[in-house]
Protein chains: 2
Amino acid sequence: MRRTRFDDAYCPIARTTDLLADWWTPLVLRELFAGRRRFEQIVEALDISRAVLTQRLNRLIDEGIVEKHQYSERPVRWEYRFTEKGRALWPVLSAMWRFGEDWMFGEAPSVELVDAETGAAVRPLVIDAETGRPMDSFRSRVRLSRPTPVD
Amino acid sequence: MRRTRFDDAYCPIARTTDLLADWWTPLVLRELFAGRRRFEQIVEALDISRAVLTQRLNRLIDEGIVEKHQYSERPVRWEYRFTEKGRALWPVLSAMWRFGEDWMFGEAPSVELVDAETGAAVRPLVIDAETGRPMDSFRSRVRLSRPTPVD
DNA sequence: CCGAGTGCGTTCTATGAACGAACGTAGTCA
DNA sequence: TGACTACGTTCGTTCATAGAACGCACTCGG
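Here the structure is a predicted model, which is why all the values come from computation and not from measurement.

(A) Layout of the packing of aromatic side chains. On inspection of all chains with the given rule, the structure shows 8 aromatic pairs over all chains. With centroids separated by 5.4 Å and ring planes inclined at 25°, the aromatic side chains of Phe6(A) and Trp23(B) adopt a geometry described as stacked. Taken together, the residues Phe6(A) in the segment before helix 1 (12-20) and Trp23(B) in the loop between helix 1 (12-20) and helix 2 (25-33) connect one chain to another. Each member of the pair Phe6(A) and Trp23(B) is classed as buried. Taken together, the ring pairs in this structure connect Phe6(A), Trp23(B) and Trp24(B) into an aromatic cluster. Positioned above the aromatic ring of Trp78(A), the side-chain terminus of Lys68(A) is 5.6 Å from the ring centre.

(B) Inspection of the relation of the copies chain B and chain A at higher detail. Taken as rigid bodies, chain B and chain A are interconverted by a rotation of 180° and an axial shift of 0.0 Å, the fit giving an RMSD of 0.0 Å. Viewed as a symmetry operation, the transformation between the two copies matches a two-fold axis. Counting the interface residues of chain B, we find that 100% of their copies in chain A are interface residues as well, pointing to one common contact surface.

(C) Region of interest: the interface of chain B and chain A. Of the residues lining the interface, 88 residues belong to chain B; the matching set on chain A comes to 88 residues. Both sides of the chain B and chain A interface together cover about 8700 Å² of buried area, and 66% of this is carbon and sulfur. Applying the counting criterion to the chain B and chain A interface returns 4 salt bridges. When the shortest N-O distance is used, the salt bridge between Asp115(B) and Arg133(A) registers 3.8 Å. At the junction of chain B with chain A, the criterion picks out 26 residue pairs in polar contact (both at pLDDT 80 or more). Looking at the side of chain B that touches chain A, the elements with two or more residues in it are helix 1, helix 2, helix 3 (39-46), helix 5 (84-87), helix 6 (90-103), strand 3 (111-115), strand 4 (124-128) and strand 5 (140-144) of chain B. The greatest single-element share of the side of chain B that touches chain A, amounting to 12 residues, is contributed by helix 6 of chain B.

(D) The side chain of Arg56(A), seen in detail. For Arg56(A), the location among the structural elements is in helix 4 (residues 50-62). The residues touching Arg56(A), leaving out its near neighbours within four places in the chain, are Asp22(A), Trp23(A), Trp24(A) and Thr25(A).

What counts, and at which threshold
In every chain, residue numbers begin from 1 and rise along the written sequence. Chains and ligands are labelled sequentially in the order written, the chains with letters from A and the ligands with numbers from 1. For a predicted model such as this one, the threshold for reporting local features is a pLDDT of at least 70, and the threshold for listing and counting side-chain atom pairs is 80 or more; totals across whole chains, interfaces and linings nevertheless cover every residue. Only hydrogens and water are set aside; all other atoms, that is, all heavy atoms of the structure, feed into the side-chain values. Here the aromatic set is Phe, Tyr and Trp, taking the six-membered ring for Trp, and pairing holds for ring centres within 6.5 Å; pairs whose planes are under 30 degrees apart are stacked, those over 60 apart are edge-to-face, and all others are tilted. Per the convention used, a helix needs a DSSP run of H or I reaching at least four residues, while a strand needs a run of E reaching at least two, with both numbered from the N terminus. For every residue, the accessible area obtained with a 1.4 Å probe (protein chains only) is divided by the maximum for its type, and the residue is called buried under 20%, exposed over 50%, and partly exposed between those limits. We count a charge as sitting over a ring when the NZ of a lysine or the CZ of an arginine lies within 6 Å of the ring centre and within 35 degrees of the ring normal. A residue counts toward the fit only if its pLDDT is at least 70 in both copies, and the copies are then superposed by least squares on the C-alpha atoms of those residues. Whether two residues are in contact is decided by their heavy atoms, any of which lying within 4.5 Å being enough. Two parts lose some accessible area (1.4 Å probe) when they are put together, and adding that loss for both gives the buried area. Here, a salt bridge means any side-chain nitrogen of Lys or Arg that lies within 4 Å of a carboxyl oxygen of Asp or Glu. Between N or O atoms, a polar contact is any pair within 3.5 Å; within protein, one atom must be a potential hydrogen donor and the other a potential acceptor, and residues adjacent in sequence are included only when both atoms are from side chains.

This is how it looks when you write it as structure tokens:
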């Protein structure tokens, strides 16, 4: 069966899930954030099936996350660049990085987040912009304002 | 073919992806964060296949995200509660909520994040804990310190 | 004591999706 | 001319998902 789509749900978490909570997509985004913009670079870095990468990139294009940009006339060559919307996913990937770093490792991970200029380590933290307090599942919660399931 | 596993990757994003970037898992977590702790409640709220919910909850138990807690002797009844590690996923879900809210909606979403006590709206923001600056894909980036692909 | 209801899964079948390898294509370079 | 590069597409096998039906232990009302 085809999987259930969440892209029309009335919940931001559901729509974001529909977009990036599938196999490979977050890692494709990681590669793009790491500066790899070409198809073959990503295939090589991730050891991903070309068919799957094609499908994922097309999905990201359809959603307005990346766009195809021609960087060579002859031969015709394209690279994939983030749109503004795509760059807005960086905080989400960052939060995933932080969780993984804090809870999924004993040893030190080999993928780090660093300041682009100084090279200093960066530690993502999710706060409430109103109060400045770190997000805490005891202090904040999901409220469903419509009775709709999923949505 | 079975899908490629990322749980032994040396990248925090990859390990977190392995954990929650699959179909349904983020929505199951959303329901748990919204206060639904029982199997039947989640089935009803999400309209999810029982088989899939069973598989997802068992995975979350194996990973130490939730634990099964008996709340009734006769009849034997269980509910699913977050561990400390599970509550640490709240910032990740929050960041997903914020992205969805900012970029995936024209109208207002029906799922909101509120302060548990005051009921005031909460706006998650991902910052660098060192500098206090919002995470920005121009100012920070992924650095791969080992040559390993994926990992 | 019987039959319906509840809560929580398991089993079953079909249909998709993912994987990996091979193939195609358009151009470059020696 | 033949090898190589960068990007995909096609194909067959295997796995996951959806949805419905079934199972089971217990409770409750009559």
